[in-house]
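# Structural overview for review
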2 protein chains.
Amino acid sequence: MSQSAQQMFDLHREILDQAVDTISSRNFWTPYPESMRKYPEDAVKAAPSNLESLLNQPFTLINSVGSSTEQVGGEVSPYGFELGITYDQPDPNELIASMQVAMRDWRNAGAQARVGVCLEILSRLNAMSPEIAQAVMHTSGQGPLMAFQAGGPHAQDRGLEAVAYAWQAMAQIPAAAQWVKPQGKHDPIVMDKRFHIVPRGISLVVACSTFPTWNTYPGLFASLATGNPVIVKPHPGAILPLAMSVRVAQQVLKEAGFDPCLVSLMPDSVDAPLTKTLALNPAIKLIDFTGSNAFGDWLIQNATQAQVFAEKAGINSIIIDSVDNLRAVTANLAFSLSLYSGQMCTTPQAVYVPRNGIETAEGHVSFDDVAAALAKAVQAFLSDNDRACTVLGAIQSLETQARIDECRGLGDIVLDSEQREHAHFPNARIHTPLILKVDAEQQAAYSEERFGPVSFVIATDNTAHSIALARDVIGKKGAITLGGYTTDEAVAEQLEELAMEVAAPLSLNLDGGIFVNQSAAFSDFHATGGNPAANASLCNQAFVANRFVVVQSRRHGQSN
Amino acid sequence: MSQSAQQMFDLHREILDQAVDTISSRNFWTPYPESMRKYPEDAVKAAPSNLESLLNQPFTLINSVGSSTEQVGGEVSPYGFELGITYDQPDPNELIASMQVAMRDWRNAGAQARVGVCLEILSRLNAMSPEIAQAVMHTSGQGPLMAFQAGGPHAQDRGLEAVAYAWQAMAQIPAAAQWVKPQGKHDPIVMDKRFHIVPRGISLVVACSTFPTWNTYPGLFASLATGNPVIVKPHPGAILPLAMSVRVAQQVLKEAGFDPCLVSLMPDSVDAPLTKTLALNPAIKLIDFTGSNAFGDWLIQNATQAQVFAEKAGINSIIIDSVDNLRAVTANLAFSLSLYSGQMCTTPQAVYVPRNGIETAEGHVSFDDVAAALAKAVQAFLSDNDRACTVLGAIQSLETQARIDECRGLGDIVLDSEQREHAHFPNARIHTPLILKVDAEQQAAYSEERFGPVSFVIATDNTAHSIALARDVIGKKGAITLGGYTTDEAVAEQLEELAMEVAAPLSLNLDGGIFVNQSAAFSDFHATGGNPAANASLCNQAFVANRFVVVQSRRHGQSN
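Rules used throughout
Residues numbered from 1 in each chain as written. Chains lettered and ligands numbered in written order. Predicted model: local features only at pLDDT ≥ 70, side-chain atom pairs only at ≥ 80, totals over all residues. Heavy atoms only, no water. Phe/Tyr/Trp six-rings, centres within 6.5 Å; stacked < 30°, edge-to-face > 60°. Helix = DSSP H or I, 4+ residues; strand = E, 2+ residues; numbered from the N terminus. Buried < 20%, exposed > 50% of the residue type's maximum accessible area, 1.4 Å probe, protein only. Contact = heavy atoms within 4.5 Å. Buried area = accessible area lost by both parts, 1.4 Å probe. Salt bridge = Lys/Arg side-chain N within 4 Å of Asp/Glu carboxyl O. Polar contact = N/O pair within 3.5 Å; in protein donor to acceptor, adjacent residues only side chain to side chain. Nonpolar A, V, L, I, M, F, W, Y, C, P; charged D, E, K, R; others polar. Pairing = 2+ DSSP bridges. Domains from an automatic or database assignment. Least-squares fit on C-alpha atoms with pLDDT ≥ 70 in both. Axes fitted to C-alpha atoms, helices over the stretch in contact; angles between N-to-C directions. Arc of directions from axis to C-beta. Expected span 1.5 Å × (residues − 1). UniProt positions renumbered as here; feature names shortened; annotations may be inferred.

What follows concerns the packing of aromatic side chains. Residue and element names in this part refer to chain A. Summed over all chains, the structure comprises 34 aromatic pairs over all chains. Relative to Tyr 340, the ring of Phe 211 has its centre 5.6 Å away and its plane inclined at 85 degrees; by these criteria the two rings are edge-to-face. Of this pair, Phe 211 sits in the loop between strand E8 (202-206) and helix H7 (217-225) while Tyr 340 sits in the loop between helix H11 (326-338) and strand E14 (350-354), placing them 129 residues apart in sequence. Residue Phe 211 is classed as buried on the basis of its relative accessible area of 6%. The class of Tyr 340 is buried, set by a relative accessible area of 0%. Taking 5.3 Å as the distance between ring centres and 70 degrees as the angle between the ring planes, the aromatic pair formed by Phe 309 and Phe 543 counts as edge-to-face. Taken together, the residues Phe 309 in strand E12 (residues 307-311) and Phe 543 in helix H18 (residues 541-545) connect sequence positions 234 residues apart. In this structure Phe 309 comes out as buried when scored by relative accessible area, which is 8%.

Bringing the interface of chain B and chain A into the picture now. Taken together, the contact pairs 76 residues of chain B with 76 residues of chain A. Carbon and sulfur atoms make up 50% of the area that chain B and chain A hide from each other, which totals about 6400 Å². Here chain B and chain A share 16 salt bridges between them. A salt bridge links Glu 493 of chain A to Arg 194 of chain B; the shortest N-O distance between them is 3.0 Å. Our count for the chain B to chain A interface comes out at 50 residue pairs in polar contact (both at pLDDT 80 or more). A per-class count over the side of chain B that touches chain A returns 33 nonpolar, 26 polar and 17 charged. Pairing of strand E23 (residues 506-508) of chain A with strand E24 (residues 548-556) of chain B, which is carried by three bridges, proceeds in the parallel orientation. Of the residues in E24 of chain B, the one forming a bridge with Leu 506 of chain A is Ser 553 of chain B.

What follows deals with the domain arrangement of chain A. Residue and element names in this part refer to chain A. The assigned domain composition of chain A is domain 1 (3-22 + 35-312 + 537-554) and domain 2 (317-508). Using C-alpha coordinates to define each centre, domain 1 is positioned 34 Å away from domain 2. Every contact between the two is made by 20 residues of domain 1 and, on the other side, 18 residues of domain 2. In total, domain 1 and domain 2 occlude about 1400 Å² of area from one another, counting both sides; carbon and sulfur atoms represent 63% of this. Summed over the three residues of domain 1 that lose the most area to domain 2, namely Pro 78, Tyr 79 and Met 146, the buried surface amounts to 35% of that side. One can count zero salt bridges joining domain 1 with domain 2. Linking domain 1 to domain 2 there are five residue pairs in polar contact (both at pLDDT 80 or more). Counting residues per element, the ones that place at least two in the side of domain 1 that touches domain 2 are helix H4 (129-140) and helix H5 (144-151). Per-element accounting of the side of domain 1 that touches domain 2 gives the leading share, four residues, to H4.

Residue and element names in this part refer to chain A. Evaluation of the coordinates by the stated rule reveals 50 salt bridges over all chains. The salt bridge involving Arg 420 is made with Glu 418; its shortest N-O contact spans 2.9 Å. Taking relative accessible area as the criterion, Arg 420 reaches 15% and is therefore assigned buried. With a relative accessible area of 40%, Glu 418 lands in the partly exposed category.

This part takes up the side chain of Thr 216 of chain A. All names here are of chain A. Among the secondary structure elements, Thr 216 is positioned in the loop between E8 and H7. Residue classification places Thr 216 among the buried positions, given a relative accessible area of 0%. Those residues in contact with Thr 216, other than ones at most four positions away along the chain, are Val 205, Ala 207, Phe 211, Val 232 and Leu 242.

When chain B is brought onto chain A, the operation consists of a screw motion whose angular component is 180 degrees and whose axial shift is 0.0 Å, with 0.0 Å RMSD remaining. The two molecules are tied by a two-fold rotation axis, judged by turn and shift. When the interface residues of chain B are mapped onto chain A, 100% of them again fall at the interface, so both copies present the same face.

Paired through backbone hydrogen bonds, the strands of a sheet run either parallel or antiparallel to each other. Residues and elements named next belong to chain B. Reading across from one edge, E10-E9-E8-E11-E12 is the order of the five strands in this open sheet, with parallel pairing throughout. Each edge of the sheet is formed by a strand with only one pairing partner; in this case those strands are strand E10 (263-265) and strand E12 (307-311). The average angle at which neighbouring strand axes cross in this sheet is 15 degrees, direction not considered. Here three bridges tie strand E9 (residues 230-233) to E10, and the two strands are oriented parallel to one another.

Looking now at the sheet that holds strand E2 (residues 70-73) of chain B. With mixed pairing, three strands are arranged side by side in an open sheet as E1-E5-E2 (chain B). Where the open sheet ends on each side, the last strands, each with one partner, are strand E1 (58-59) and E2 of chain B.

Residue pairs three or four apart in sequence face the same way in an α-helix, which turns once every 3.6 residues. All names here are of chain B. For helix H14 (residues 398-407), the complete set of buried residues consists of Thr 400, Ile 404 and Cys 407. Buried residues of H14, seen end-on, are gathered within an arc of 85 degrees and therefore sit on one face of the element. The outward face of H14, more than 90 degrees from its buried face, is lined by the exposed residues Leu 398, Glu 399, Asp 405 and Glu 406. If you follow the buried residues of H14, they end up packed against strand E19 (430-431), strand E20 (434-439) and strand E21 (454-460).

With that settled, the discussion passes to the side chain of Gln 552 of chain A. Relative to the elements of secondary structure, Gln 552 of chain A occurs in strand E24 (residues 548-556). What makes Gln 552 of chain A buried here is its relative accessible area of 3%. A polar contact of 2.7 Å, which involves the side chain of Gln 552 of chain A, links it to the side chain of Asp 524 of chain B. For Gln 552 of chain A, the side chain forms a polar contact with the main-chain nitrogen of Phe 525 of chain B, separated by 2.7 Å. In this structure, Gln 552 of chain A is in contact with Lys 193, Arg 194 and Phe 195 of chain A together with Pro 505, Leu 506, Ser 523, Asp 524 and Phe 525 of chain B, ignoring residues within four places of it in sequence.

Residue and element names in this part refer to chain B. The first and last C-alpha atoms of helix H11 (residues 326-338) sit 18 Å apart over 13 residues, in line with the 18 Å expected at 1.5 Å per residue. Of the residues making up H11, those classed as buried are Leu 326, Ala 328, Val 329, Thr 330, Asn 332, Leu 333, Ala 334, Phe 335, Ser 336, Leu 337 and Ser 338. Regarding H11, its N-cap is Asn 325, as a side-chain oxygen of that residue lies 3.0 Å from the backbone nitrogen of Arg 327 further along.

UniProt's entry tags residues 89-480 of chain A with the feature "domain: Aldehyde dehydrogenase" (unreviewed entry), counted in the numbering of this structure. Span residues 89-480 of chain A is 46% helix and 21% strand, its end C-alpha atoms 33 Å apart.

Note: most residues except glycine have negative phi, and most peptide bonds are trans. Note the cis peptide between Leu 538 of chain A and Cys 539 of chain A, where omega equals -25 degrees. Structurally, Cys 539 of chain A is set in the loop between E23 and H18. If you check the backbone angles, Ala 503 of chain A has positive phi at about 55 degrees while not being a glycine. Tracing the backbone shows Ala 503 of chain A in the loop between helix H17 (489-502) and E23. In this structure, Tyr 340 of chain B takes a positive phi of about 50 degrees despite not being glycine.

This part takes up the environment of Gln 541 of chain B. Residue and element names in this part refer to chain B. Considering the arrangement of structural elements, one finds Gln 541 in helix H18 (residues 541-545). The exposure class assigned to Gln 541 is buried, which follows from its relative accessible area of 9%. For the pair Gln 541 and Gln 419, spaced 122 residues apart in sequence, the C-alpha to C-alpha distance is 44 Å.

Now for the pairing of strand E20 (residues 434-439) of chain A. Summarising the sheet, strand E17 (residues 412-415) of chain A and E20 of chain A pair through three bridges and their orientation is antiparallel. Across the sheet, the residue bridging to Ile 413 of chain A is Leu 436 of chain A, located in E20 of chain A.

Dropping the structure here:
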């Protein structure tokens, strides 16, 4: 092991141990504070101008493999300006060839060295959170606070969580063992054995435009820690946050004496996408993907030479049976529907409510009044334009923006989407949520994913019907989140049963400072991997265990 | 949890704990003795007549799902007689439907109950080892000692190993947790969380004809312990050992208050195979397969709705660089080549030897003399016909028998295969090994799998060339075992490196009572899953971790 990587391991050992403890206890813990105030004020203040200084020029990485490179770029901030940054596109075959050479040293360095390097990368990414937040904001369109938290510390949490699982899995394999088999009166048979952690091969991480770091770090660090070189293939609309992340990884790898190509960026463009070709390359043994169901399913069905970890999309659902305080419930849901304009893979889309209304502590409330209360809560929450812009962020893509109009006719409008103007970015694509009212029979409307600020309040016969509909829709289309509201423990148990049947995590009776679309690393499993919305969970044993194999050797030994 | 399942868990808890300890230490341990003398003498003696009492009649199971059943059968002992046993073939759709209903109770019973039931099944299978040995012998053709050991205790070891991994993986998930997030001066946010182990769905275990129990128990028990109902689809030529095993599983499930259909037999026939249809059924979420590369690859490429754990075949290789004692080495290899007539997925096929010969403690030995020494060792080992018949067993299939003749022309015959006559079974298909001499250039001969008693001594330029050839052939075709012989530590390290590169476990300088084709549960990983011969290893974390998902629920809580 290189001295430097060992030092990195020793330096971060305590964090690693705490992370390993926490993935077992599932308690709250993080080494990466989510409050901007915990970061140097200067760095936070300088971040916007630091971003500006990167615009309209090439962004260079350390690794220069396949230097006969194409330049790609073309990112446009959803806040209304072109980034004008270009990136090298390495030759895939040259890159893969050099990664295969580099992989040997990385493998032989052992788990401690690899984990040490990963922890050091994460530590530096944490220090860079203000800068990365700017890059996330101006590619994904997230509001500044969310870009900071979800793009910075929360993403780093998920990366660290993956490293902790990888470390735990690798640490379970002893480096050596002596096997002594008794032979009755005769001498025992003695075998000396060695066990090696061997990576599967080249890992491809295909990122999305809405959460470029949060959805990328788990696969990146799970693969890297277990010995696999990683090609990061960013979405053409959100390259910069990953270019910055890859550069940090390359710096640390180089300092620790490894080939920086072990983590490489492979940007492409919408006009000349590379993902399919890369994904079918026989050298690619692991694929982490976040994106559409169609492409995720294509990968699972076609890239059969690789393990595919796919986070796709589903019909996230809320079942309202009864509530104590409707105002608190609708305020909670208003936040969930507004946050990042519904562009989270965890945002609810289908809200099932009995057509005869629900019971509350203040008496019966009709279906229409539940829908109206939700609309009112969203309106109230977004009444301050500055706060609205901060929470909503900007719409990442033109397709999502267009979808709002396309969906207006799918039901009765409870709350119409309106455009907002940002104080600093007049060209930002900012739109408030569209809420539609439909009948349970209008499945075609609410059982297709409508990515963006579009949700449906669905009139059902009763809660049993709501549960049956959710079971059916999630069974077919999947879901990453499921919310339920009931004051009846028997119904709560039915919702718990539903959650198990459709393999969606349940958030019950959220009416305070926790929202169904939030998922906390080390404690909440993000997606279960058990329904069509995702075939993997962030993170668990299954997310890391198959990224390496164990190769043993044995020879006759002498009993000690 | 049903009381009875809890009692089973308590009863076997110590064995479980020892198994979990041993998969970490990789030391020698087993609760299932491999010596026949440790089993009641009466049971061992009565086993052959017990088998006879099963012949020429239907074999009945407890579960009667889909009772409008076809009868299938047609097994023929490789020792030369028809078994004449028939088995119910349930209707697949009815069976799957009833399994999906039964799965809920099995899931809700929890890990302790499921593991308790699995351990009780294994314990009863162990007690039945003498009877199961007879069934294995007269379907696979294994000799009586091997049928006892590999079909009985060693298979049970692998089943227990899978249960231990499953238990370890499930035990890592807490049933509940309280998540307390500090909020500075304000009260912390408190969430109460529950975590459920949820099975993936119906599990299909596709068995082979040569190791009906050994290759079936790992997948069966890994799936069952993690909550998945299991359809056991035996090879049409080796149904009985699995019918007996499934009957035991059904008895234990019933006693513990579960639906016996949770483990069901789905026999089919060569003329009307069911596996492809079953494998593509959307309800099938897990497939364990042992068999041909063609079919294993078909499953991986087509049954993409399921996790596929495939053990296929490869070109198991031996590289001879130099030896101390050639006689001891060839005696060791003679056993490996003779055991069960090379019908093990671990039997060496390609033996690479430098064409200029090798160094030994007694001086230089030419290539031809190495080949001749191997031939002589096999001849000597098989000179006693009774011992030969016991070690060789019988050839399972007519195809394997025919292959011996087909291969004779592939090289120069070093040792010809001869037919032997069994003292008690005059019609048994017993054939000694065929050993051919070829040049490294004759890759078409030795780089195709020649399942059965066929091996090649391959003349190479030198050991570096041997290593390069093995790297190339195993890279393309895979291998489940790799053996090496050298007196030079530098070469030993090259072999270790080769093992890592091709992801094949290395046995170095075996010249005593351990053989390259043996693999001991709890210590040796059988196959690595990292080359084309298998995509999974028996057993490791990856073998169990993806057989279940974790579904959580959370609600606001009160801080303790």
